[in-house]
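Listed here are the chains, written in short residue letters.
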Amino acid sequence: MYRREPNARVRLFQGLRPHICPLEDVMEQVPVGSRVLDVGCGAGLFLLLLARQGRVDKGYGFDVAAPAIQAAQRAARDSGLADCLDFQVRSIEDGIPSGPWNVVSVVDVIHHVPSPHQRSFVASLCDRVPVGGRLIIKDMVSRPYWRALANQMHDLVLARQWVHHVGPDQVDAWVASHGLRRIYNSRIDRWWYGHWTMVYERPSL
Ligand SMILES: C[S@@+](CC[C@H](N)C(=O)[O-])C[C@H]1O[C@@H](n2cnc3c(N)ncnc32)[C@H](O)[C@@H]1O
């Protein structure tokens, strides 16, 4: 998908990402034919893979990093997926857009949000999940410490950012207080990286 991407760093990291991140586990949680909002989509890998599998009817991804969004737009065009995928530069601080989504996904983004804002960020994601819709949250472990530290070093070197891991139990409590029901969770290690995923559904009243 990124074969024609001119930036070698983007080509390298998007090629490596499925090896260090269990995206296939997360993708299985997206029902076929979904309308997906991917928050902090980076170079768009998650939506591109979903669209290639035919799981996405319409996908909208946004990210604060303009170069990543440009790479996502190029990859969508080069893969013939530009009709069903839309990528825009936008910050979480601008609010989470409302739309006709039945899936809201956030993959490895919460740890980039400063700790004092994580709870309200999760609340704003919950607000965008309609009845019968899904919220998919995937992030990096906060325990054991050595795995969290390994990811801390990864982000310090690659994103030049000191990140803020939050455990799945904490996120689970925040989401539960917004009326969503957990329907799936997983905990997977790849190399020295530890990953957790939780999927929620908004039940009918
Ligand atoms: C580890 S990357 C994950 C990218 C993508 N979700 C994926 O799985 O490939 C974290 C992403 O969050 C984005 N991000 C961090 N803070 C953000 C903010 N305030 N608004 C929008 N995106 C943000 C970064 O630009 C980065 O692309």
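Residues numbered from 1 in each chain as written. Predicted model: local features only at pLDDT ≥ 70, side-chain atom pairs only at ≥ 80, totals over all residues. Heavy atoms only, no water.

**Examining the site of the ligand**
Then, in step 1: The environment of the ligand is formed by 15 residues, the closest being Arg17, Gly40, Asp63, Ile92 and Val107.
Then, in step 2: Here a nitrogen atom of the ligand sits 3.3 Å away from a polar atom, N or O, in the main chain of Val64.
Then, in step 3: A distance of 2.9 Å separates a nitrogen atom of the ligand from a polar backbone atom of Ile92.
Then, in step 4: The residue inventory of the shell around the ligand, partitioned by class, reads six nonpolar, four polar and five charged. (Near = heavy atom within 4 Å. Polar contact = N/O pair within 3.5 Å; in protein donor to acceptor, adjacent residues only side chain to side chain. Nonpolar A, V, L, I, M, F, W, Y, C, P; charged D, E, K, R; others polar.)

**Some points on unusual backbone geometry**
Then, in step 1: Residue Pro144 follows Arg143 across a cis peptide bond; omega there is -5°.
Then, in step 2: Inspection of the secondary structure assignment puts Pro144 in the loop between strand E5 (134-140) and helix H6 (145-158).
Then, in step 3: At Arg160, a position not held by glycine, the phi torsion is positive, near 50°.
Then, in step 4: In this structure, Arg160 sits in the loop between H6 and helix H7 (168-176). (Helix = DSSP H or I, 4+ residues; strand = E, 2+ residues; numbered from the N terminus.)

**Quick look at the environment of Ala123**
Then, in step 1: As for its position among the elements, Ala123 is in helix H5 (residues 115-127).
Then, in step 2: Given the relative accessible area of 16%, Ala123 is considered buried.
Then, in step 3: Along the sequence, Ala123 and Trp174 sit 51 residues apart, while their C-alpha atoms lie 7.4 Å from each other. (Buried < 20%, exposed > 50% of the residue type's maximum accessible area, 1.4 Å probe, protein only.)

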